[in-house]
Amino acid sequence: MTTNAETTTSTGTTAGAPEIRVRGLHKSFGDNEVLRGIDLDIRQGEVVCVIGPSGSGKSTLLRCVNLLEEPTRGQVFVGGTEVTDPDVDIDAVRRRIGMVFQQFNLFPHLTVTENLTLPQRRVLKRDKAEAARVAAENLQRVGLAEKAAAYPSSLSGGQQQRVAIARALAMGPEVMLFDEPTSALDPELVGDVLAVMRMLANDGMTMMVVTHEMTFAREVADRVVFMDGGVIVEEGAPEQVIGDPSHERTRHFLSRLLDPAMAEVGEAPERLDKADG
Ligand SMILES: Nc1ncnc2c1ncn2[C@@H]1O[C@H](COP(=O)(O)OP(=O)(O)OP(=O)(O)O)[C@@H](O)[C@H]1O
Ligand SMILES: [Mg+2]
């Protein structure tokens, strides 16, 4: 279990309160109960990697944290604010949460800079000069300053994903949620995106990362959470959960990741049903 940090955070969060707190979270789609009681605390500055088989509810959990999905039952707090409170200003909460998906979702008809300035101007009402300054700063951060005037179609997938990360950072989020940010990339482009995420982690960003990148999880995560069938089966330090898992389900999952050829017919495919976007 997480121990609470006893310091006051730069964002003014109550001392000791976790940045993300999930309590008794359930989510059903019709008769399909996808999340079956999730409890999770993430401290400020902590990096938590969520792993687990396809359909185990990883994306749904992430989407419940910023209310892209409405939980059926339970509570979610971000920065001490209950986002599941029906009276909460959800737009205000969402501004504090950056989200990066497998698909980059950049506007193809806008330049890289315009992709970064548009949401700042629309949502945060920043003026043109300020939005441009913040855009330039964050493009620099992800190593793409020289692509400011380029259109997304002229960039590699890895560069587009770094632009998507910069776009999220330009909104000044307190936490960043990543849902398989490297799964749509050619293998040789994965490293640059992971390097940016590693930098963010080193800078103290609170991060929740759904990923199949076990090397990244081992090296960057403070904690790894293994989900299966809508519950957290085990969680702990990466060297424990990945290196020496306690549960058979975790061991089974990890062995399939290492050697996909071991999968048997009828088993849920791990990497093939990725058309969800
Ligand atoms: N909007 C939706 N409507 C109906 N069912 C959904 C919806 N979103 C997800 N599900 C179902 O919820 C279950 C969990 O899906 P989820 O996307 O959270 O899994 P996941 O762990 O992220 O899987 P993957 O590794 O394939 O991305 C699946 O059975 C899926 O079909
Ligand atoms: Mg998913």
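Placed above this text is the structure.
Residues numbered from 1 in each chain as written. Chains lettered and ligands numbered in written order. Predicted model: local features only at pLDDT ≥ 70, side-chain atom pairs only at ≥ 80, totals over all residues. Heavy atoms only, no water.

The next thing to look at is the pairing of strand β2 (residues 32-42). Sheet topology note: the strand β1 (residues 20-29)/β2 ladder contains eight bridges and is antiparallel. Looking at β2, one finds that Arg21 is bridged to Asp41. From the end of β1 to the start of β2, which pair antiparallel, there are two residues, and Gly30 there has a positive phi angle of about 60 degrees. (Pairing = 2+ DSSP bridges. Helix = DSSP H or I, 4+ residues; strand = E, 2+ residues; numbered from the N terminus.)

Turning to the site of ligand 1, a few remarks are in order. Lining the immediate environment of ligand 1, one finds 14 residues, of which Ser54, Gly55, Lys58, Ser59 and Thr60 sit closest. Between Gly57 and ligand 1, the recorded distance is 3.0 Å, taken from a backbone N or O atom to an oxygen atom. Residue Thr60 places a side-chain N or O atom 2.5 Å away from an oxygen atom belonging to ligand 1. Burial of ligand 1 by the protein chains amounts to 66% of its free accessible area of 630 Å². Among the elements of the structure, β2 and α1 (58-65) are those that each provide at least two residues to the shell around ligand 1. Ranked by residues supplied to the shell around ligand 1, first place goes to α1 with three residues. Of the residues contributing to the shell around ligand 1, the split by class is three nonpolar, seven polar and four charged. (Near = heavy atom within 4 Å. Polar contact = N/O pair within 3.5 Å; in protein donor to acceptor, adjacent residues only side chain to side chain. Areas by Shrake-Rupley, 256 points an atom, 1.4 Å probe, with all protein chains shown as cover. Nonpolar A, V, L, I, M, F, W, Y, C, P; charged D, E, K, R; others polar.)

So, about the packing of aromatic side chains. Within the structure shown, the criterion is met by one aromatic pair. Ring centres 5.4 Å apart and planes at 40 degrees place the aromatic pair Phe226 and Phe253 in the tilted group. On the criterion of sequence distance, the pair formed by Phe226 in strand β9 (residues 223-228) and Phe253 in helix α9 (residues 248-258) is long-range, its members being 27 residues apart. Looking at Phe253, the relative accessible area reads 4%, which means it is buried. (Phe/Tyr/Trp six-rings, centres within 6.5 Å; stacked < 30°, edge-to-face > 60°. Buried < 20%, exposed > 50% of the residue type's maximum accessible area, 1.4 Å probe, protein only.)

Now for the pattern of salt bridges. Evaluated as defined, the whole model comprises 14 salt bridges. The salt bridge involving Arg223 is made with Glu46; its shortest N-O contact spans 2.9 Å. Taken as a pair, Arg223 in strand β9 and Glu46 in the loop between β2 and β3 (47-51) lie far apart in primary sequence, 177 residues in all. By the burial criterion, Arg223 is buried, and Glu46 matches it. With its nearest N and O atoms 3.7 Å apart, the salt bridge here joins Asp192 to Arg162. Taken together, the residues Asp192 in helix α6 (residues 187-202) and Arg162 in helix α5 (residues 157-169) connect sequence positions 30 residues apart. Judged by relative accessible area, which is 42%, Asp192 ranks as partly exposed. (Salt bridge = Lys/Arg side-chain N within 4 Å of Asp/Glu carboxyl O.)

Let us look at the sheet that holds strand β4 (residues 73-78). The four strands lie next to each other as β2-β1-β4-β5, forming an open sheet whose pairing is antiparallel. Of all the strands in the sheet, the pair left with one neighbour each is β2 and β5 (81-82). Bridge analysis of β4 against β5 gives two bridges, and the strand direction is antiparallel. Looking at the pairing, Phe77 lines up with Glu82 of β5. Together, β1, β2 and β4 form the strand contacts of α1, whose direction differs from that of β1 by roughly 120 degrees. (Contact = heavy atoms within 4.5 Å. Axes fitted to C-alpha atoms, helices over the stretch in contact; angles between N-to-C directions.)

Once that is clear, we can look at the sheet that holds strand β7 (residues 175-179). Reading across from one edge, β6-β7-β8-β3-β9-β10 is the order of the six strands in this open sheet, with mixed pairing throughout. The open sheet terminates on both sides in strands that have one partner only, identified here as β6 (97-100) and β10 (231-236). For this sheet the average axis-to-axis angle between neighbouring strands, irrespective of direction, equals 15 degrees.

Moving on to the nonpolar core. Ranked by internal contacts, the top residues of the largest apolar core, which has 45 residues, are Ile165, Met176, Phe178, Met197, Leu200, Met207 and Val224. By residue number, the principal contributor to this core is α6, which donates seven residues. Once residues lying within four places of it in the same chain are set aside, the contact partners of Met207 are Glu46, Val47, Val48, Met176, Phe178, Met197, Leu200 and Ala201. (Core = buried A, V, L, I, M, F, W, Y, C linked by side-chain atoms within 4.5 Å.)

Before going further, it helps to spend a moment on empty space enclosed by the protein. This structure, assessed with the given rule, holds two cavities of 30 Å³ or more. Taken together, Met99, Val100, Phe101, Gln103, Phe104, Asn105, Gln161, Ala164 and Arg167 make up the lining of the second largest cavity. Elements that contribute at least two residues to the lining of the second largest cavity include exactly β6 and α5. Take the lining of the second largest cavity: its biggest share by element is three residues, from α5. Taken together, the residues of the lining of the second largest cavity break down into five nonpolar, three polar and one charged. (1 Å grid on protein atoms, 1.4 Å probe; cavity = no way out; pocket = protein on both sides within 12 Å on 5 of 7 lines; lining within 4 Å. Points joined across faces, edges and corners; volume = space filled by probe spheres on them.)

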